[in-house]
Amino acid sequence: MRKYKLAFDPGGLLLFFLMMLPNFVWFNLPAPDDILRQESITPVVDGIASVCQILFAAALCAVVNRDRERLRLSPFICASLCCGGLYAAGWVCYYAGFAGPPVVALLTLPPCLCFLFFALGRKNGIAVIPITVFTVCHLIYGIANFMI
């Protein structure tokens, strides 16, 4: 715990905002075949995911590893950007009317990996824990509700 301090990480806030932006659009503008609006069959898992999302967002924005390097295009940050691109592609497909399992997979796993790679790149082990739990919950939600 000595490696960490409470401090603002603007990169973490920017990443979280950019990754949530499609969700803000979706809240206000329904997609053609909007399967994501159906009632979830995994409410307990969804609740755990919501708590973990708050925790990892707070950790990405307010917990800083003293040993981290300046934000630069490292392999982890590049992987994070690639995952963000896949996530954006998933939303484009979703709004184009495709809502099958491959598109749901693009809306489920890449955003989680985007956050995970960013946290690893910033040496933010505290954020990795809730991101990992969130990822497992997000996968359960996506698979149980839309793939089986």
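Placed above this text is the structure.
Notes on the structure follow. What you see is a predicted model, and the numbers here were worked out from it, not measured in a lab. (Residues numbered from 1 in each chain as written. Predicted model: local features only at pLDDT ≥ 70, side-chain atom pairs only at ≥ 80, totals over all residues. Heavy atoms only, no water.)

1. Some thoughts on the nonpolar core
- With 39 residues, the main nonpolar core has L60, Y94, F115 and I131 as its most contacted residues.
- Of all the secondary-structure elements, those providing two or more residues to this core are α1 (10-28), α2 (43-62), α3 (75-95), α4 (101-121) and α5 (125-146).
- Per element, the largest residue contribution to this core is nine residues, and it comes from α4.
- Not counting the four nearest positions on each side in its chain, Y94 is found in contact with W26, A31, P32, D33, D34, I35, L36, A99, V103 and L107. (Core = buried A, V, L, I, M, F, W, Y, C linked by side-chain atoms within 4.5 Å. Buried < 20%, exposed > 50% of the residue type's maximum accessible area, 1.4 Å probe, protein only. Helix = DSSP H or I, 4+ residues; strand = E, 2+ residues; numbered from the N terminus. Contact = heavy atoms within 4.5 Å.)

2. Notes on the environment of G121
- Examined against the element boundaries, G121 turns out to sit in helix α4.
- Accessibility expressed as a relative area gives 22% for G121, which makes it partly exposed.
- In this structure the C-alpha to C-alpha distance between G121 and V104, which are 17 residues apart in sequence, comes to 26 Å.
- If we ignore the near neighbours within four places in the chain, the residues touching G121 are F76 and I77.

3. A word on a nonpolar patch on the surface
- A grouping of L14, F17, L18, L21, F24 and F27 is seen on the molecular surface, where their side chains present a nonpolar patch of about 580 Å² in accessible area.
- Locating F24 in the fold gives a position in helix α1.
- Since its relative accessible area comes to 38%, F24 is described here as partly exposed. (Patch = residues over 30% accessible without salt bridge, like charges linked within 9 Å, V, L, I, M, F, W, Y side chains within 5 Å. Areas by Shrake-Rupley, 256 points an atom, 1.4 Å probe, with all protein chains shown as cover. Salt bridge = Lys/Arg side-chain N within 4 Å of Asp/Glu carboxyl O.)

4. Quick notes on the pattern of salt bridges
- Scanning the model with the defined rule gives four salt bridges in all.
- Where R122 meets D9, a salt bridge forms, and the shortest distance between an N and an O atom there is 3.7 Å. Taken together, the positions of R122 in the loop between α4 and α5 and D9 in the loop between β1 (4-6) and α1 put the pair 113 residues apart, joining distant regions of the chain.
- The residue R37 makes a salt bridge to D34 at a minimum N-O spacing of 2.5 Å.
- Owing to a relative accessible area of 39%, R37 belongs among the partly exposed residues under this scheme.
- We classify D34 as buried; its relative accessible area is 16%.
- When salt bridges that share partners are traced, they join D9, R68 and R122 into one network.

5. Examining the packing of α3 against α4
- The geometry of α3 relative to α4 is characterised by a closest axis approach of 8 Å and an angle of 160° between their N-to-C directions. Put simply, α3 runs roughly antiparallel to α4. As for how α3 packs across α4, the hand of that crossing is left-handed. Contacts from F76, I77, A79, S80, C83, G84, L86, Y87, G90, W91, C93 and Y94 of α3 reach α4 at V103, L106, L107, P110, P111, L113, C114, F117, F118, L120 and G121.
- Along the lines of polarity and charge, the residues of the contact of α3 with α4 split into 19 nonpolar, four polar and no charged. (Axes fitted to C-alpha atoms, helices over the stretch in contact; angles between N-to-C directions. Parallel < 35°, antiparallel > 145°, perpendicular 65-115°, else oblique. Left-handed = near helix turned anticlockwise from the far one by under 90°. Nonpolar A, V, L, I, M, F, W, Y, C, P; charged D, E, K, R; others polar.)

6. Description of the side chain of H138
- Assignment of secondary structure puts H138 in helix α5.
- Here H138 is in contact with L107, T108, P111 and C112, once residues within four sequence places are set aside.

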